[in-house]
Amino acid sequence: MNNVNMSKDLQEKSSKSALFHTLTVEDSLVNVDTSVKGLSDEEAIKRISVYGKNELDEGKKRTIFAMLFDQFKNIMIVVLLVATVISALLGEVTDAIIILVVVIINAVLGVAQESKADKALAELKKMSSPYAKIKRNGQANTIKTEEIVPGDIVYLEAGDYVPADIRLIESASLKVEESSLTGESVPVEKSVDKIEHDDIVIGDRKNMVYLGSSVTYGRGLGVAVGTGMNTEVGKIAGYISNADIEETPLQKKLAEMSKYLSVGIIIIAVIIFITGVIENRGYFEMFLIAVSLAVAAIPEGLPAIVTIVLAMGMQRMAKKNAIIRKLPAVETLGGTEIICSDKTGTLTQNKMTVKEIFFSNKLVPCDNVKNEDPNLDIYMQAMILCNDSKVTKIEETNIKAIGDPTETALIYFGFQKKFDKISMENAMPRVSEIPFDSDRKLMTTMNKINNGVRVLTKGAPDVLLQRCTNILVDGQVQAMNELDLQTIKNANTKMAGKALRVLAMAYKELDNVPKNVTPENIENDFIFVGLVGMIDPPREEAKEAVRICKCAGIRPIMITGDHKGTAAAIAKELNITSDDSQIITGSDLDKISDEDFLKNVSNYSVYARVSPEHKVRIVKAWKDNGKVVAMTGDGVNDAPALKTSDIGVGMGITGTDVSKGVSDMVLSDDNFATIVVAVEEGRKIYSNIRKSIHFLLSANMGEVIALFIATLLNWRMLFPIHILWINLVTDTFPALALGVEKAEKGIMNEKPRKSEKSFFAGGLGINIIYQGVLEGVLTLVAYYIGATYYSHEIATTMAFATLGLIQLFHAFNARSSKKSIFSIKVFSNKYLNGAVAMSAVMMLSVILIPGLNSIFKVEFLNFHQWLIVVGCAFLIIPIVEVVKFFQRRIG
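Residues numbered from 1 in each chain as written. Predicted model: local features only at pLDDT ≥ 70, side-chain atom pairs only at ≥ 80, totals over all residues. Heavy atoms only, no water.

Our focus in this paragraph is empty space enclosed by the protein. Under the counting rule described, the total for this entry stands at four cavities of 30 Å³ or more. Estimates place the volume of the largest cavity at around 50 Å³. In this structure, the largest cavity is lined by R281, M286, I289, L707, A710, T711, W715, R716, M717 and L718. Put simply, the parts of the chain that give the lining of the largest cavity at least two residues each are α10 (283-297) and α26 (672-712). (1 Å grid on protein atoms, 1.4 Å probe; cavity = no way out; pocket = protein on both sides within 12 Å on 5 of 7 lines; lining within 4 Å. Points joined across faces, edges and corners; volume = space filled by probe spheres on them. Helix = DSSP H or I, 4+ residues; strand = E, 2+ residues; numbered from the N terminus.)

Shown next as structure tokens:
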């Protein structure tokens, strides 16, 4: 009873969420029965049952029956069904039933393919679902956004998507971009003060942030007051949460090509019909043959096959830590020529560890730091209090912290030296701050101490030194002179030369917090405290990945905000470059005009001390040189560069929601080697799609050629049910099996595919034509032998069996366009083996099983006749092998 009352009470309060901007922080917390410590796990579970998951309704999904109905919308299928009904009325009931069964089976297979593709894409969508930082059981935690309930305390930082409708309870220079709700693209500055008016528009509710908006600056804390369909976004009529699945360029090209092929096939079908009528064959017989040929040969299934192969490839890539968010990315990946990668965490391990520190004008290893040093207290305050990492677990000998890896490294180092962040924050609480941003390269906090305020700052040494006028030496503050400055710079250079990431720290004292807390007012006249050097070693697998890139004709480019010396050391260790002239800083890049940079961009392999704006410029320069560019990014300011690149690569671990939201691919392990794996997989998928289409189009062409020539020769070679049955049993399964073919050896030794290159380039178009003609001719040869030496019925059966088996043999040819099938192990694709075996059983069963053969109008064949059939069908392999041999010699 109590739970029921609680549920009703919560739901009633939730319905008033639109008025939370008129409540104080305290009243807002009371309204949703929570506190600043957050909910307990048990309470959160209860509220999930009341409010449901924090997700938007996806709208009605297409039912199986709707998918099935769509399969019969094809005009040629409708014509065939009408013809079948007429056939039944004219007494050909058996033929009509068989044709109907084949059409229905085809439709069921179509639904199965579509359903498989939908499920695969849905699974991929789940994998890329965002996470949010919340407070549960009084501790910071990270959960999926769908698990947030009203009453949860939510942390907000620059780069985060707002995961629910939230009433702010803390705001530190917080700015939120709300264009998805208000249409206003300029970020709105937020506050926590209550608003008296209850009838103001969403854009004026400065103490609220809403689902779907994004944090562009600062930091905040708030209480979730609306989730799922109870958010402002959820209330918008007709809002659809699912993004439409984008059709890839290849799918568009194939759909367009299918239309032209369809027109051609229909013209041929009309010619066959007219020719048959002229030769005094029955109108209705020729009509059925022509329509059956059109249904079988028109490649309307090509886009579906491509979707399934892409979806299966995307699932394999997800298992290898590369989550594809947009289908076109799979195609583009295979053609990638430039990979612009961040250094930290992508080329390196992202496991920052403090190695050396500099204070009192001395550079010492971290293990030699003594706790009694007079500078250590203030040094540690700047390191630990000017730090947004959150300690989530404290043990006797260890702690667990979440946050930026650089900042957590400082927390761990402080803990080793007996400086506990939680105790220090209790003693010196933060009262104001200026968050870090990549333009200033500084972070500043103001912490209460005794009767005043201590301003603590950390950031890039070259930037912070310009704002320091004094230095702390042996516990004493003294004016900074040129010797001090040079000593600091020498220490910075020495640490950077060892590939250490260096941060500088400074402080100053104030009587109170100024009214106008801005970088211009606060970040000046500092007392320099010291430097800290941390190392983030290269990933072991990154060096091999760089080598593979170079073999594959892909150029790796390192882009980092780190010191030039650090970047050079890592780049040389990974063999990205060995030439210092290929390393350029952001400030040097600013001095180069766009025209000169466009001409000389290929001269640079490493960019140091760059801002997000430089990334856009680098990407554009490479693209203007006609290159396909992949770009990694993890910050909110990286979004423009990710959008500008051909392949935007977001970071799954360190990346902000905004950067992941605009990416084409997300690395769940933030690893450069994963990009290379994804490129290889992209090449393989594209190659496999070519193989599937090669097989399908050459098989369809074989059917068209055989029937067209047979009609011209007045040979009554095949019945409509033969054409439809061959299309049913020999097309779909082998084509899909070719879609999961393993990558051919040397695929990463080939140069990237040019985007403007035709899909049928490289001999594919010629192969489809000559192999299709070959299939048709061999089928006609089998029929001619049967008609000459046996009977018309035997000849029809031989042609039927040959046309079906020749396509199955040809599936093995399609495994490689140039290589001999014997060099790649004929039966190494177990899926193709299974597909061919199943198709062969279905083909042969209608000939060998008594009763079925009479329904399909075929005869039993003797040993010699089977020998001719198998011989004609098998000939496709040696003939194609000979052609491949000469193609390899010429190519």
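Moving on to helix α33 (residues 863-874). Its 12 residues give α33 an end-to-end C-alpha distance of 16 Å, which sits within 8% of 16 Å, the value for a rise of 1.5 Å per residue. Those residues of α33 not exposed but buried are Q865, W866, V869, C872 and A873. Each buried residue of α33 lies within a common arc of 135° when the element is viewed along its axis, so the set occupies one face. Turned more than 90 degrees off the buried face of α33, the exposed positions are F863, H864 and L867. Those residues of α33 that are buried lie in contact with α29 (764-789), α30 (792-813), α31 (830-848) and α34 (876-890). (Expected span 1.5 Å × (residues − 1). Buried < 20%, exposed > 50% of the residue type's maximum accessible area, 1.4 Å probe, protein only. Arc of directions from axis to C-beta. Contact = heavy atoms within 4.5 Å.)

On to the pairing of strand β1 (residues 131-136). Examined bridge by bridge, β1 and strand β2 (residues 139-144) share six bridges and lie antiparallel to one another. Counted as the bridge partner of K133 is T142 from β2. A loop of two residues connects β1 with β2, the two strands running antiparallel in sequence, and N137 in this loop sits at a positive phi of about 55°. In this sheet, strand β3 (residues 153-157) lies alongside β1 in antiparallel orientation, the contact comprising two bridges. Pairing of K135 across the sheet is with I153, part of β3. (Pairing = 2+ DSSP bridges.)

This next bit is on the pairing of strand β16 (residues 452-459). Of all eight residues making up β16, eight are buried, and the element is well covered by its neighbours. The alternating pattern of β16 places G452, R454, L456 and K458 on one face and V453, V455, T457 and G459 on the opposite face, and all of these are buried. Summarising the sheet, strand β15 (residues 442-449) and β16 pair through eight bridges and their orientation is antiparallel. Its bridge partner lying in β16, T444 is registered against T457. Where β15 hands over to β16, the hairpin turn is made up of two residues, of which N450 adopts a positive phi near 50°. Bridging between β16 and strand β19 (residues 500-510) involves seven bridges; their strand directions are antiparallel. Looking at the pairing, K458 lines up with M505 of β19.

We now examine the side chain of E337. Mapping E337 onto the fold places it in the loop between α12 (328-334) and β9 (338-342). The class for E337 is buried, based on a relative accessible area of 6%. Within the structure, E337 has its side chain in polar contact with the backbone nitrogen of V628 (distance 2.9 Å). In this structure E337 touches G553, I554, R555, G626, K627, V628, P752 and K754, once residues within four positions along its chain are discounted. (Polar contact = N/O pair within 3.5 Å; in protein donor to acceptor, adjacent residues only side chain to side chain.)

Per-chain confidence: the protein averages 84 in pLDDT, with 87% of residues scoring 70 or above. Looking across the protein, the model is least confident in helix α1 (residues 2-14), with a mean pLDDT of 48, and most confident in α33, with 96. (pLDDT = per-residue confidence, 0-100.)

Evaluated as defined, the whole model comprises 34 salt bridges. Of the charged contacts, one joins K194 and E196 as a salt bridge, the two residues approaching to 4.0 Å between their closest N and O atoms. K194 gets classed as partly exposed once you look at its relative accessible area, which sits at 39%. For E196, a relative accessible area of 61% corresponds to the exposed category. Among the ionic contacts, a cluster of salt bridges with common partners joins E170, R219, D388, R430 and E433. (Salt bridge = Lys/Arg side-chain N within 4 Å of Asp/Glu carboxyl O.)

The eight strands lie next to each other as β8-β26-β25-β24-β9-β21-β23-β22, forming an open sheet whose pairing is mixed. Of all strands in the sheet, those bounded by a partner on one side alone are β8 (322-324) and β22 (583-585). Each neighbouring strand pair of the sheet contributes to a mean axis angle of 20°, computed without reference to strand direction. For β22 and strand β23 (residues 606-608), the ladder comprises three bridges, and the chain directions are parallel. Along β23, the bridge assignment pairs I584 with Y607. Most of the contacts of helix α20 (residues 564-573) go to β23, to which it runs at about 155°, and overall it touches β21 (555-559), β22 and β23. (Axes fitted to C-alpha atoms, helices over the stretch in contact; angles between N-to-C directions.)

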